[in-house]
Amino acid sequence: MAIVSCPQCSQKISDKAAVCEHCGFVLEGQDQAQLARLRSRTKADKINKLTSQSMLAMLLFMLGIAGTFYFRDESSPDPGWQVQVSMLVMVVGFIWYLINRARIILVKKRL
Ligand SMILES: [Zn+2]
C-alpha cells in the first residue's frame, strides 16, 4: 500500500482507497492518467493562488515602508500612531510574504 495525495484536496491518502476520506473525491474507477492530470492542475492552482498572495504581501510590505517614511515627523522624538501602524503593516506584510514563499516551496516539493 502506498501513500498518494488526493487529486482534489492534496491530502495524503492510500492508493487503495476508493474515496478520499478528507473531501469525498471518488478515486475508484478513475484512470491513472486522468488522476495525474487532475493532480498537477490542483497543484498549479495552489501555486498560482499562493503566488498572488505573496504579491499582495509584498505590496503590503512596500505600503508599510512608504507609510513609515511618509508619516515620519523629524521634529518630534516619538513616532505618531500613523508611523506605528505603517511599521506594523510592513512587518505583517514581510512575515506573510515569507510564509507564502515557504508554502510555495512545500507545494512544489510534494508529488
Ligand atoms: Zn481529497
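Computed from a predicted structure; not experimentally measured.

## A word on the overall build of the protein chain
- Each helix and strand in the protein chain was counted, giving two helices and two strands.
- Going residue by residue from the N terminus, the α and β elements of the protein chain occur as β-β-α-α.
- The C-alpha atoms of the protein chain give a radius of gyration of 22 Å, which is well past the 13 Å a tight globule of 111 residues would have.
- Dimensions of the protein chain, computed from the C-alpha atoms along their principal axes, are close to 70 × 20 × 20 Å.
- Of all 111 residues assigned to the protein chain, the portion counted as buried reaches 23%.
- Long-range contacts, defined as pairs at least 24 residues apart, comprise 48% of the intrachain contacts of the protein chain with a sequence gap of at least 6.
- Just so you have it, the protein chain exposes about 8000 Å², and 63% of that area is on carbon and sulfur atoms.

## Some details on a positive patch on the surface
- Taken together, the side chains of Lys12, Lys46, Lys49, Arg103 and Arg110 present a region of like positive charge at the surface.
- Along the chain, Lys12 falls in strand β2 (residues 12-14).

## Examining the domain arrangement of the protein chain
- Domain annotation for the protein chain reports domain 1 (1-30) and domain 2 (42-109).
- Distance between the C-alpha centres of domain 1 and domain 2: 36 Å.

## Overview of helix α2 (residues 81-109)
- With 29 residues, α2 should reach 42 Å at 1.5 Å per residue; the first-to-last C-alpha distance of 42 Å fits that figure.
- For α2, the set of buried residues is Val83, Ser86, Gly93, Asn100, Ile104 and Val107.

## With respect to unusual backbone geometry
- Phi is positive for Ser10, close to 65°, though the residue is something other than glycine.
- You can see Ser10 is positioned in the loop between β1 (3-5) and β2.
- Looking at Ser10, the relative accessible area reads 13%, which means it is buried.

## Brief notes about the coordination of the zinc ion
- In this structure, Cys6 (SG), Cys9 (SG), Cys20 (SG) and Cys23 (SG) serve as the protein donors to the zinc ion, at separations of 2.2 to 2.3 Å.
- Each of the four donor atoms bound to the zinc ion contributes to angles spanning 106 to 113°, and the resulting shape is tetrahedral.
- If you list the donors of the zinc ion from N- to C-terminus, the spacing comes out as C-x2-C-x10-C-x2-C.

## What about the packing of aromatic side chains?
- Summed over the entire model, instances satisfying the criterion amount to two aromatic pairs.
- Ring centres of Phe61 and Phe94 lie 5.4 Å apart, and the angle between their planes is 40°; this geometry places the pair in the tilted category. One end of the pair, Phe61, is in helix α1 (residues 32-71); the other, Phe94, is in helix α2, with 33 residues separating them in the sequence.
- Its relative accessible area of 22% is what places Phe61 among the partly exposed residues.
- Look at Tyr70 and Phe71: their rings are 5.0 Å apart centre to centre, the planes differ by 85°, and that puts the pair in the edge-to-face class.

How each quantity is defined
Within each chain, residue numbers correspond to sequence positions counted from 1 in written order. Restriction of local features to residues with pLDDT of at least 70 applies here, the model being predicted, together with a cutoff of 80 or more for giving and counting side-chain atom pairs; totals for whole chains, interfaces and linings are based on all residues. Each side-chain value is derived from all of the structure's non-hydrogen atoms; neither hydrogens nor water enter the calculation. Every helix listed is a DSSP run of H or I at least four residues long, and every strand listed is a run of E at least two residues long, numbered separately from the N terminus. Note on method: radius of gyration uses C-alpha positions; expected globular size equals 2.2 Å times residues raised to 0.38. With a 1.4 Å probe rolled over the protein chains alone, any residue whose accessible area is under 20% of its type maximum counts as buried; one over 50% counts as exposed, and the rest are partly exposed. Any two residues whose heavy atoms approach within 4.5 Å at even a single point are treated as in contact. The Shrake-Rupley method, run with a 1.4 Å probe sphere, supplies the accessible areas, and residue values consider only the shown protein chains as cover. Residues enter a patch when their relative accessible area is above 30% and they make no salt bridge; the linking distance is 9 Å between like charges and 5 Å between nonpolar side chains (Val, Leu, Ile, Met, Phe, Trp, Tyr). By definition here, a salt bridge exists when the distance from a side-chain nitrogen of Lys or Arg to a carboxyl oxygen of Asp or Glu is within 4 Å. Positive residues here are Lys and Arg, negative ones are Asp and Glu, while His and the chain termini are left out of the count. Think of each charge as sitting on NZ of Lys, CZ of Arg, CG of Asp or CD of Glu. Delimitation of the domains relies on an automatic or database domain assignment. Multiplying one less than the number of residues by 1.5 Å gives the expected span of a helix. Donors, by definition, are the N, O and S atoms found within 2.8 Å of a metal, the threshold being 3.2 Å for Na, K and Ca, and water is not counted, so a site can look incomplete. Four donors are marked tetrahedral only if all angles between them lie between 85 and 135 degrees, whereas four are marked square planar and six octahedral if opposite donors are more than 155 degrees apart and the other angles lie between 65 and 115; the remainder are marked irregular. Geometry of aromatic contacts follows a simple scheme: Phe, Tyr and Trp rings, the Trp one being its six-membered ring, pair when their centres are within 6.5 Å, and the pair is stacked under 30 degrees between planes, edge-to-face over 60, tilted otherwise.

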